[in-house]
Amino acid sequence: MTATFDVPVLIVGGGPVGLALALELGLRQQRSLVIEQAAGVAELVSKAGTLNERTMEICRRWGISDEVAASFPGEFPMDNIYCTALDGHLIGHDPRPSAHDRSPPSSTPEKLRKCPQMTFDPLLARAVIRTGFSTIRYNTRFEAFVDDASGVTATIRDVRTDEATTMRSRYLIACDGAGSQIRKALGIAFPGKELGRSTSILVRAANVEKYHQLGLANRYMFIGLKGTWANLTSVDGLDLWRFTAIAGEDATDLASAEQQVRRAFGPNAPFEVVRLMHWRRSACTAERYRVGNVFLAGDAAHTTSPTGGHGLNTGIGDAFTLGWMLDAVLRGWGGKHLLDAYEQERRPVAIYNSSISTQNFQNWLGAADWSLIYDHTPEGNEARKRIHVQLTDSLKQEWYSHGVALGYRYEQSPIIIPDGTSQPPMDISNYAQTARPGHRAPHAWLPDGRSTLDLFGQGFVLLSFEANASEAAKLGEAAVGKKVPLQIVEIDSPAIAALYERKLVLVRPDGHCAWRDDSFPGDVGELIDKTRGAISALEKAPTGEAKLREMT
Ligand SMILES: Cc1cc2nc3c(=O)[nH]c(=O)nc-3n(C[C@H](O)[C@H](O)[C@H](O)COP(=O)(O)OP(=O)(O)OC[C@H]3O[C@@H](n4cnc5c(N)ncnc54)[C@H](O)[C@@H]3O)c2cc1C
């Protein structure tokens, strides 16, 4: 009997990662339902604000990158200012260009952007609805589930009527945040480091720069006798700011929050506390991302210190990866190893990004001689200069993390066929493009003005550089036989051919290189089978004798 489902994919959590997955699935014409316990998209949430270059490339695929870019004033300076208070000593000023004054790096068509989560989440939700394939149900709490071999039965409750219903889906995806009830129910360990409690205070302060001499900046870092104790970051490039008191300087109630902000603002600058948000800083990664038909994504799978802005960006990468894999399996061309590749590919990325974020946090706290920080003498000036040099140097990897955004790669994946070249080292701030299997396929501008990245997204794409057309067509035939969507694109550009380094490069629907060489192996069917997860690329090819045994 064929199982019937209310919806193929049930997504728990309507935060950015749940919405991103629903959007990716919707654009692939796959139905999903997002359930969210809150009454609507989060308003006045001042968590994530930085979307890195890879997330912006994904937004480009989703057709929303212009809307994201327009959500924060392009001319707003991205400078960092270190000070004892807005009316106190200036410790140092590091200029960073605004979005208007900055071109994208040569390795990407998109720039890193500021986009507050309170804008990004509704923008995603609107895009999800526009697909016509995914639905979002608010005021709906997920309560329990039973996973059997053929699917998942979930109990959900309408929080307004208290009415419980059950629904059946092929897959259940936990995008229910760091405290994930689903992760706990599955008994998945979440090891890592607790880095303390913190409080973010959303503050409305119009024209705050008029009340001090430091100049306008995206972020002010406040340094005291024990080192960095708080920071103030622009949320919307207008009058909303997020003031974060870091561990040990907690502001648990409104009165102490106001006191903390006043300490940073000085006696004259007016402000209004809009909202307090208490949160735990941690760096944990789930030991498994999948159990049966249930998957974890986003903060449910990993937490990072916000220092560096990698949490949401890592979660968007999860959703983007899981989206094409689920689609492939639901359409029947994805093989039995495909969904296992999700954990093997994404978990190492989370572990790396989380460790970098923890290092960034430790760099904030730093180890310096802070004793003269408030001193009005020439020795005080010298001490502040030294501290500025030290902070600029140690925080560089937080502000410039292009290598983290684009340099991640999928090693030891069952659906990536290695080409025998060794891994380039990870570099936090710099990224040199490579078409080595497992890496994001390089960007270059095509003669018609599109990026090479604009070629990817639907099915697989075989890029053919000076390759024999009938040779390239062989793979097309093998793909048709296995119902794998594949497009062959011939590129006549020596510069792009040099960037991709081989005559034939097979790119996956998520824009990662799966295989490359100058000619096909003898069995192109096996190549397709490995990249679609029907045969694990990690298994050694059977020897002649074993092949004979399998056949008999
Ligand atoms: C101060 C701060 C600044 C940050 N800045 C950045 C940044 O600049 N860049 C960046 O990349 N990241 C940043 N982050 C991290 C980022 O905010 C998170 O990584 C991101 O919100 C995770 O998204 P998510 O969808 O996985 O989880 P969440 O945003 O936590 O969403 C989970 C959703 O699930 C819902 N839910 C939970 N349980 C249930 C249930 N039982 N039934 C129904 N619904 C349920 C919740 O209501 C919630 O809406 C920051 C975080 C903080 C705290």
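In this text, all values refer to a predicted model and were calculated from it rather than measured experimentally. (Residues numbered from 1 in each chain as written. Predicted model: local features only at pLDDT ≥ 70, side-chain atom pairs only at ≥ 80, totals over all residues. Heavy atoms only, no water.)

Colleague: What exactly am I supposed to notice about the pattern of salt bridges here?
Modeller: Any two side chains of opposite charge can pair, on the condition that their charged atoms come close. Under the definition given, this model contains 30 salt bridges. The partner of Arg-219 in a salt bridge is Glu-398, with the nearest N and O atoms 3.5 Å apart. Of the two residues, Arg-219 is situated in strand β12 (residues 219-224) and Glu-398 in helix α9 (residues 378-399); the sequence distance between them amounts to 179 residues. When sorted by exposure, Arg-219 lands in the same class as Glu-398, which is buried. For Asp-529, the salt bridge is made with Lys-482, and the minimal N-O distance between the two is 3.1 Å. In this pair, Asp-529 sits in helix α13 (residues 524-531) while Lys-482 sits in the loop between α11 (469-481) and β19 (486-490), placing the two residues 47 residues apart along the sequence. With a relative accessible area of 11%, Asp-529 lands in the buried category. A network of salt bridges, in which partner residues are shared, links Arg-141, Glu-143, Arg-157 and Asp-162. (Salt bridge = Lys/Arg side-chain N within 4 Å of Asp/Glu carboxyl O. Helix = DSSP H or I, 4+ residues; strand = E, 2+ residues; numbered from the N terminus. Buried < 20%, exposed > 50% of the residue type's maximum accessible area, 1.4 Å probe, protein only.)

Colleague: Where do I start with the sheet that holds strand β13 (residues 227-234) in this structure?
Modeller: Sheet strands line up and pair through hydrogen bonds in the backbone, either parallel or antiparallel. Reading across from one edge, β5-β4-β12-β13-β14-β11-β15 is the order of the seven strands in this open sheet, with mixed pairing throughout. Single-partner strands in this sheet number two, and they are β5 (90-94) and β15 (272-284). Neighbour-to-neighbour, the strand axes of the sheet open up by a mean angle of 20°, direction not taken into account. Sheet analysis places β13 next to strand β14 (residues 240-245), joined by five bridges and oriented antiparallel. Among the inter-strand pairings, Asn-231 is bridged to a residue of β14, identified as Thr-244. Contacts from helix α8 (residues 338-365) reach β11 (192-204), β12, β13 and β15, with the element oriented near 120° to β15. (Pairing = 2+ DSSP bridges. Axes fitted to C-alpha atoms, helices over the stretch in contact; angles between N-to-C directions. Contact = heavy atoms within 4.5 Å.)

Colleague: Is there a simple way to explain the site of the ligand in this structure?
Modeller: Around the ligand, the structure places 31 residues, and the nearest of them are Glu-36, Phe-142, Asp-299, Leu-312 and Asn-313. Gln-37 places a polar main-chain atom, nitrogen or oxygen, 3.1 Å from a nitrogen atom of the ligand. Expressed as a share of its isolated accessible area of 1,000 Å², the protein-covered part of the ligand is 88%. When residues of the shell around the ligand are traced back to their parent elements, those giving at least two are α1 (16-27), β8 (140-148) and α7 (311-331). (Near = heavy atom within 4 Å. Polar contact = N/O pair within 3.5 Å; in protein donor to acceptor, adjacent residues only side chain to side chain. Areas by Shrake-Rupley, 256 points an atom, 1.4 Å probe, with all protein chains shown as cover.)

Colleague: Just to check I follow, could you spell out the pairing of strand β9 (residues 151-158) for this structure?
Modeller: When a strand is regular, its side chains alternate between the sheet's two faces. As judged from the eight bridges shared by β8 and β9, these two strands associate in the antiparallel manner. Bridged to Arg-141 within β9 is Arg-157. The turn joining β8 and β9, which pair antiparallel and follow one another in sequence, is formed by two residues. Two strands pair when backbone bridges link them, and β9 and strand β10 (residues 164-174) are joined in this way by six bridges, in the antiparallel orientation. Counterpart to Thr-155 in the pairing with β10 is Thr-166. Linkage of β9 to β10, two consecutive antiparallel strands, is achieved through a turn of five residues, within which Asp-162 is found at a positive phi near 70°.

Colleague: Help me out: how do you make sense of the sheet that holds β19 in this one?
Modeller: One open sheet accounts for four strands, arranged β19-β18-β20-β21; its pairing is mixed. Both outer strands of the open sheet, β19 and β21 (513-517), are each paired with one neighbouring strand and no more. On average, each strand axis in the sheet is inclined to that of its neighbour by 15°, with strand direction left out of account. Alignment of strand β20 (residues 504-507) against β21, held across four bridges, turns out to be antiparallel. Residue pairing across strands places Val-505 opposite Arg-516, the latter belonging to β21. Along the sheet, α11 makes contact with β18 (460-464), β19 and β20, crossing β19 at roughly 170°.

Colleague: I would appreciate a short explanation of the nonpolar core in the present structure.
Modeller: Nonpolar side chains tend toward joint burial in soluble globular proteins. Ranked by size, the top nonpolar core spans 85 residues in total, and within it Trp-62 and Ile-173 carry the most contacts. The leading source of residues in this core is α7, at nine residues. Grouped together as the second largest cluster of nonpolar side chains are 27 residues, Met-78, Val-208, Trp-241 and Val-261 included. (Core = buried A, V, L, I, M, F, W, Y, C linked by side-chain atoms within 4.5 Å.)

Colleague: So what exactly am I meant to see when it comes to the packing of aromatic side chains here?
Modeller: What characterises a pair of aromatic rings is the spacing of the ring centres plus the angle enclosed by the ring planes. Following the criterion strictly, the structure yields 17 aromatic pairs and no others. Relative to Tyr-410, the ring of Tyr-408 has its centre 5.7 Å away and its plane inclined at 50°; by these criteria the two rings are tilted. Classification of Tyr-408 as buried rests on a relative accessible area of 10%. Ring centres of Trp-515 and Phe-520 lie 5.4 Å apart, and the angle between their planes is 15°; this geometry places the pair in the stacked category. Across this residue pair, the class does not change: Trp-515 and Phe-520 are buried. Pairwise contacts between aromatic rings join Phe-72, Phe-76, Tyr-220 and Trp-241 into one cluster. Note that Arg-96 overlies the ring of Tyr-400, its terminal NZ or CZ placed 5.7 Å from the centroid. Above the ring of Tyr-408, the side-chain terminus of Arg-346 is found at 5.5 Å from the ring centroid. (Phe/Tyr/Trp six-rings, centres within 6.5 Å; stacked < 30°, edge-to-face > 60°. Lys NZ or Arg CZ within 6 Å of the ring centre and 35° of its normal.)

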